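Commentary on secondary and tertiary structure
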Amino acid sequence: MSATPRTVVPQNLSEPLPMTLPRLAEKKRLGEAIVMVTAYDYPSAQVAQEAGADVVLVGDSGAMTVLGYSSTVPVSTDEMLMLTAAVQRGLRTPLLVGDLPFGSYEGSDQQAVATAQRFIKEAGCDAVKLERGGTSVQRARAIVAAGIPVMGHVGLTPQTATALGGYRAQGRTAERALAVARDALALQEAGCFSIVFEAIPAAVSEAIVEHLKVPVIGIGAGPATDGQVLVFHDLLGIYDGRTPRFAKRFADIKDRMVAGVAEYAAEVRARTFPGPEHIYSIDDDELARFRASFTD
Ligand code: KIV
């Protein structure tokens, strides 16, 4: 079943226009920073929408932040599609990018195109993202040739973190920095409309960005990128898991959520909730008739 296309009519005049690939490229040309954030459900999508994000990524980081897996590796395409479709229902203007999960695109070009098509048809995505250079360059080329915009992702690529020596910064020697640069240039050449740089030295990132025509979105890649992305749960402090060095916390929502639920629990136990303002009434006569007729 295909998803209903998103309404592209802005709800009011103060709302930004829907983000498109040409607008994203224009932002880079004008030097306007691109704001990307992850989301994994309807309420987080609404938050991203109202906060004015340009791009929303349903990252496979959702495997850890909302599904509780210990890494991004186990999440399935069906799980990602369910999260992505929920996000799509909460968005009006940001560009929606779905993250192809581990094992769903590496096998062959056919597999990559078929999975990408599901993200477009079933979840209403505008684009998909895949990780790494190497064989992923050819997969990106195949998906682009099938008419689906692709975002690349280089540097620390969590799906293959074990092969990279763990969750650690990449490109910290001249050789490794050159490998990141080559991957980025190859993904651009394959037709990617944008590339994520994750966890690479700021100076390396700056040097590579100068050679790229497509917008680069950084996470732990310093200030020289064309935009930034953060994981929703990291930036809002919703998640207790490991927080990387680059994840600045802009709020402590989990503390407030725990406090709210604890207060609710205390009021239930003290029988102070529900109060008179939370109950429905019934006419006295109706109640009397009900009581009279309600016999065991
Ligand atoms: O899965 C994810 O959230 C990502 C971002 C960190 C770029 O890939």
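In short, a report on the structure. Because the structure is predicted, anything quoted here is derived from the model rather than measured.

Direction vectors running N to C along helix H6 (residues 135-145) and helix H7 (residues 174-189) enclose 20°, while the axes themselves pass 9 Å from each other. Considered as vectors, H6 and H7 are oriented roughly parallel to each other. Considering how the two elements wind past one another, H6 and H7 form a crossing that is right-handed. For the pair H6 and H7, contact is made by Ser136, Val137, Ala140 and Arg141 and by Ala186, Leu187 and Glu189, respectively. Residue classes in the contact of H6 with H7 are distributed as 4 nonpolar, 1 polar and 2 charged.

Taken in spatial order, the 8 strands of this closed barrel run E1-E2-E3-E4-E5-E6-E7-E8, and their pairing is parallel. Shown here is a sheet whose adjacent strand axes are inclined to one another by a mean of 25°, direction ignored. In terms of strand pairing, strand E1 (residues 34-38) meets strand E8 (residues 227-230) through 4 bridges, oriented parallel. For isoleucine 34, the partnering residue across the bridge sits in E8 and is glycine 227.

Thresholds, definitions, all that
- Residues numbered from 1 in each chain as written.
- Predicted model: local features only at pLDDT ≥ 70, side-chain atom pairs only at ≥ 80, totals over all residues.
- Heavy atoms only, no water.
- Axes fitted to C-alpha atoms, helices over the stretch in contact; angles between N-to-C directions.
- Helix = DSSP H or I, 4+ residues; strand = E, 2+ residues; numbered from the N terminus.
- Parallel < 35°, antiparallel > 145°, perpendicular 65-115°, else oblique.
- Left-handed = near helix turned anticlockwise from the far one by under 90°.
- Contact = heavy atoms within 4.5 Å.
- Nonpolar A, V, L, I, M, F, W, Y, C, P; charged D, E, K, R; others polar.
- Pairing = 2+ DSSP bridges.

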